[in-house]
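# Architecture at a glance
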Amino acid sequence: MDKSHYFDHVCNDTIPTKPEEESTTPTDLVSDAVEEIMDNIKSAFSTNERD
């Protein structure tokens, strides 16, 4: 199967990314949420005095 045309046709038909959003990925929100959850868990099980 000849795939020489693959990048000319398939990739050009994808959803365009806005210039100001090129540094983000769809998983960034998930990563931020997981980080916050882990911080909350760490805080909940910490032996330090809470404020």
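Residues numbered from 1 in each chain as written. Predicted model: local features only at pLDDT ≥ 70, side-chain atom pairs only at ≥ 80, totals over all residues. Heavy atoms only, no water.

## Quick notes on the overall build of the chain
- Scanning the chain from terminus to terminus reveals 2 helices and 0 strands.
- Expressed as a percentage of the 51 residues in the chain, the buried residues total 0%.
- Only carbon and sulfur atoms are counted for the fraction: they give 55% of the accessible area of the chain, which is about 5400 Å². (Helix = DSSP H or I, 4+ residues; strand = E, 2+ residues; numbered from the N terminus. Buried < 20%, exposed > 50% of the residue type's maximum accessible area, 1.4 Å probe, protein only. Areas by Shrake-Rupley, 256 points an atom, 1.4 Å probe, with all protein chains shown as cover.)

## Re a nonpolar patch on the surface
- There is a patch of nonpolar side chains on the surface, built from Val30, Val34, Ile37, Met38, Ile41 and Phe45 and spanning about 610 Å² of accessible area.
- By the secondary structure assignment, Ile41 is in helix H2 (residues 28–44).
- Ile41 gets classed as partly exposed once you look at its relative accessible area, which sits at 39%. (Patch = residues over 30% accessible without salt bridge, like charges linked within 9 Å, V, L, I, M, F, W, Y side chains within 5 Å. Salt bridge = Lys/Arg side-chain N within 4 Å of Asp/Glu carboxyl O.)

## Describing a negative patch on the surface
- A cluster of acidic residues, Asp32, Glu35, Glu36 and Asp39, forms a negative patch on the protein surface.
- Within the secondary structure, Glu36 sits in helix H2.
- The exposed category is assigned to Glu36, whose relative accessible area is 52%. (Lys, Arg positive; Asp, Glu negative; His and termini not counted. Charge placed at Lys NZ, Arg CZ, Asp CG, Glu CD.)

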